[in-house]
Amino acid sequence: MKILVINAGSSSIKYQLLDMADQQIMASGIIERIGEPNGSLAHKKFINGEEQKTVFERTIKDHKEGMHLLIETITSAETGVISDKNEISAIGHRVVQGGEAFRQATLIDESTKRAIEENNVLAPLHNPANLTGIRTAEELFPGTPNVAVFDTEFHQTMPPKAFMYALPYEFYTDLKIRRYGYHGTSHKYVAKRIAKAIDKRPEEANVITVHLGNGGSISAVQQGKCIDTSMGMTPLAGVMMGSRCGDIDPAISGYVADQKNLSAGEVDAILNKESGLKGICGMNDMRDIHESAAQGDERAKLAVDMFTYVVKKYIGSYFAALGTVDAIAFTAGIGENDDIVRAAVCTNMQGLGVEIDLAANEGRISSEKRISTEDSKVQVWVIPTNEELQIAKDTVAILEKQ
Ligand code: ADP
C-alpha cells in the first residue's frame with residue numbers, strides 16, 4: 001500500500017511517498033515559494049537505498065499547480081517512482097490544530113473540513129494552509145481517501161489540571177483558551193519507539209520525550225498517554241526556541257507594548273520571530289551558536305546556557321508529574337545532532353537517576369541509541385523522529401477501519 005503524506009504550508013508543500021509494505025520512503029520533496037516568481041521543487045527519489053535528487057525552478061502559481069507538479073514528478077519516467085497516481089491508496093495530511101474536536105486521525109469529509117476551519121482562529125498561520133492542501137488533493141486525486149492527522153491529537157489525553165490556564169473560566173468555554181500542545185505526531189512516534197527500545201510495551205512505560213528542533217517541546221507520557229506538554233495554546237510557550245521566547249512572565253507583553261508603543265500583533269511578532277536563541281545572540285541555528293561560543297562569544301554561551309537550563313527544568317518538572325520515569329528520549333534537529341546540548345541537559349541529574357555516558361553521547365546520532373550509562377536508573381536515548389511515517393501509519397489504520 002502506497003501512502004502520500006502532505007504537509008501544506010501557506011507557500012510550500014512538503015511531501016513523502018511511502019511504501020507501507022516495508023515502511024520505506026519511495027520519494028520525498030518540498031515545493032517552495034508558491035505564488036512567488038522564483039518557485040522551486042526539490043525532489044528526491046529513493047531506489048534500493050540510493051538517493052537521486054532533482055531540483056526544478058519555475059513559477060508555481062498556486063497550490064493546485066504545485067500539486068500538479070508533484071504528481072508529474074512522482075509519475076514521470078525520469079524522476080518518478082510510480083507510473084500512475086492511482087497507485088496511491090490514500091493521502092495523509094498533517095493538520096496543525098485539531099482543537100478538542102479531534103482526539104485521533106480522521107477520514108476527511110465535509111464535516112471534518114468544517115471542524116478544521118472552526119479551529120483556524122487557534123492556528124491562523126497553519127490551518128488555512130493545511131485545508132488548502134486537503135482541498136487541492138481532493139480535486140487532483142478524485143476518489144482517493146484523505147486522512148487528517150493532527151499535531152494536537154496526541155495531547156488530548158491531558159487532564160484538565162494540566163491543560164487549563166488559571167484565567168477566568170469563560171476564556172476556556174467562550175474563547176477555547178487552553179493548552180493544546182504541538183509536535184504531537186513526533187511525541188507519539190518517539191514515545192512508542194522509546195518504549196520498544198527499553199523492552200516495554202507503551203502501556204507499561206513512563207517516558208519524557210524531548211523534541212528540540214527549530215521549535216521545541218517536551219512531553220510527559222504516562223503509560224502511552226500524554227499527561228502534560230510544554231507548548232500551550234500556541235507553539236510559542238514552553239522551552240526557549242530558535243526565535244520563539246517560550247515561557248515568559250505574561251505581564252511583559254503589555255509592558256513592552258506600552259513602553260515601545262507597539263500593537264499586540266507587533267509584540268506577538270517579536271516574541272515569535274525575534275526572541276529565543278536569536279533574541280539573545282542574534283543566531284537561531286545551534287551549529288552557528290556553538291561555533292561562536294567556542295570563539296568566545298559570551299552571548300552565544302549565554303544562549304546555550306539558557307536553552308539547556310530551561311530544557312533541564314522541564315524534564316525535572318515532568319519527573320515530579322510522572323512520579324517514576326523509565327526513559328528520556330531526545331529527538332529532532334538539536335535532540336538528534338547536538339551532543340553539547342544533550343550533555344548539558346543531562347549532567348547533574350544523578351539525584352533523579354539520570355547518568356549520561358559522555359562517550360556514547362558524542363557526536364551526531366542518526367539511529368536509535370542509548371546514551372546513558374549501564375547503571376543509570378533512567379535510560380536516556382536518542383530516537384530520530386519520523387513524523388511522516390507516523391502520519392502514514394495513522395492513515396493506514398483509518399483505511400483499515402473503514
Ligand atoms: P524544524 O523544527 O524546522 O523541523 P529540525 O528538527 O530540522 O527543525 O531542527 C533544525 C535545527 O536543528 C536547526 O535550526 C539547528 O539548530 C539544529 N541542528 C541541526 N543539525 C545540527 C547539528 N549538527 N548540531 C547542532 N544543531 C543542529
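(A) Just the domain arrangement of the protein, in detail. According to the domain assignment, the protein contains domain 1 (2-150) and domain 2 (200-387). Between domain 1 and domain 2, the C-alpha centre-to-centre distance is 29 Å.

(B) A look at the packing of aromatic side chains. Inspection of every chain in the model, using the stated rule, returns four aromatic pairs. Look at Tyr 169 and Tyr 172: their rings are 5.7 Å apart centre to centre, the planes differ by 75°, and that puts the pair in the edge-to-face class. In this pair, Tyr 169 and Tyr 172 are both assigned in helix α5 (residues 169-175), three residues apart and thus about one turn of the helix distant. For Tyr 169, a relative accessible area of 51% gives the class exposed. Under the relative-accessibility criterion, Tyr 172 is labelled buried at 19%. Of note, Lys 85 hangs over the ring of Phe 141, and the distance from its end group to the ring centre comes to 5.8 Å.

(C) Here's a closer look at the sheet that holds strand β6 (residues 88-95). Pairing in this open sheet of eight strands is mixed, and the strands run β5-β4-β3-β2-β1-β6-β8-β7 from one edge to the other. Each end of this open sheet is capped by a strand with a single partner; those strands are β5 (50-57) and β7 (106-107). Sheet topology note: the β6/strand β8 (residues 146-150) ladder contains five bridges and is parallel. Residue Gly 92 lies in a different strand from β8, and its bridge partner there is Val 147. Set on the sheet, helix α1 (residues 63-75) makes contact with β1 (2-8), β2 (13-19), β3 (24-32), β4 (40-47), β5 and β6; between it and β2 the angle comes to about 30°.

(D) Focus on the nonpolar core. In terms of nonpolar packing, the biggest core is built from 47 residues, with Ile 208, Val 210, Phe 307, Val 311, Ile 315, Ile 328 and Phe 330 touching the most fellow members. At the level of secondary structure, the elements contributing two or more residues to this core comprise β9 (206-212), β10 (216-222), α9 (276-281), α10 (286-294), α11 (298-322), β12 (327-331), α13 (339-346) and β14 (379-382). Per-element accounting of this core gives the leading share, eleven residues, to α11. Among the domains, domain 1 (2-150) and domain 2 (200-387) are the pair contributing at least three residues each to this core.

(E) Spotlight on the site of the ligand. Within the structure, the ligand sits among Gly 213, Asn 214, Gly 215, Asp 285, Met 286, Arg 287, Ala 332, Gly 333, Ile 334, Asn 337, Asp 338 and Arg 364. Between the ligand and Gly 215, the relevant distance is 3.4 Å, taken from an oxygen atom to a main-chain nitrogen or oxygen of the residue. One of the backbone N or O atoms of Ile 334 is found 3.4 Å from an oxygen atom in the ligand. Within the complex, the protein chains bury 70% of what would otherwise be the 580 Å² of accessible surface of the ligand. Those elements that provide at least two residues to the shell around the ligand are α10 and α12 (332-337). In terms of residues, the shell around the ligand owes the most to one element, α12, which gives four residues. For the shell around the ligand, the residue count by class is three nonpolar, five polar and four charged.

(F) Molecular detail of the packing of α1 against helix α3 (residues 127-140). Interhelical geometry of α1 versus α3 gives an angle of 55° and a closest axis separation of 10 Å. By the angle between their axes, α1 is oblique relative to α3. Where α1 crosses over α3, the handedness of that crossing is right-handed. Contact residues: His 63, Lys 64, Met 67, His 68 and Ile 71 in α1; Thr 132, Gly 133, Thr 136, Ala 137, Glu 139 and Leu 140 in α3. For the contact of α1 with α3, the per-class residue count stands at four nonpolar, five polar and two charged.

The rules behind each value
- Residues numbered from 1 in each chain as written.
- Predicted model: local features only at pLDDT ≥ 70, side-chain atom pairs only at ≥ 80, totals over all residues.
- Heavy atoms only, no water.
- Domains from an automatic or database assignment.
- Phe/Tyr/Trp six-rings, centres within 6.5 Å; stacked < 30°, edge-to-face > 60°.
- Helix = DSSP H or I, 4+ residues; strand = E, 2+ residues; numbered from the N terminus.
- Buried < 20%, exposed > 50% of the residue type's maximum accessible area, 1.4 Å probe, protein only.
- Lys NZ or Arg CZ within 6 Å of the ring centre and 35° of its normal.
- Pairing = 2+ DSSP bridges.
- Contact = heavy atoms within 4.5 Å.
- Axes fitted to C-alpha atoms, helices over the stretch in contact; angles between N-to-C directions.
- Core = buried A, V, L, I, M, F, W, Y, C linked by side-chain atoms within 4.5 Å.
- Near = heavy atom within 4 Å.
- Polar contact = N/O pair within 3.5 Å; in protein donor to acceptor, adjacent residues only side chain to side chain.
- Areas by Shrake-Rupley, 256 points an atom, 1.4 Å probe, with all protein chains shown as cover.
- Nonpolar A, V, L, I, M, F, W, Y, C, P; charged D, E, K, R; others polar.
- Parallel < 35°, antiparallel > 145°, perpendicular 65-115°, else oblique.
- Left-handed = near helix turned anticlockwise from the far one by under 90°.

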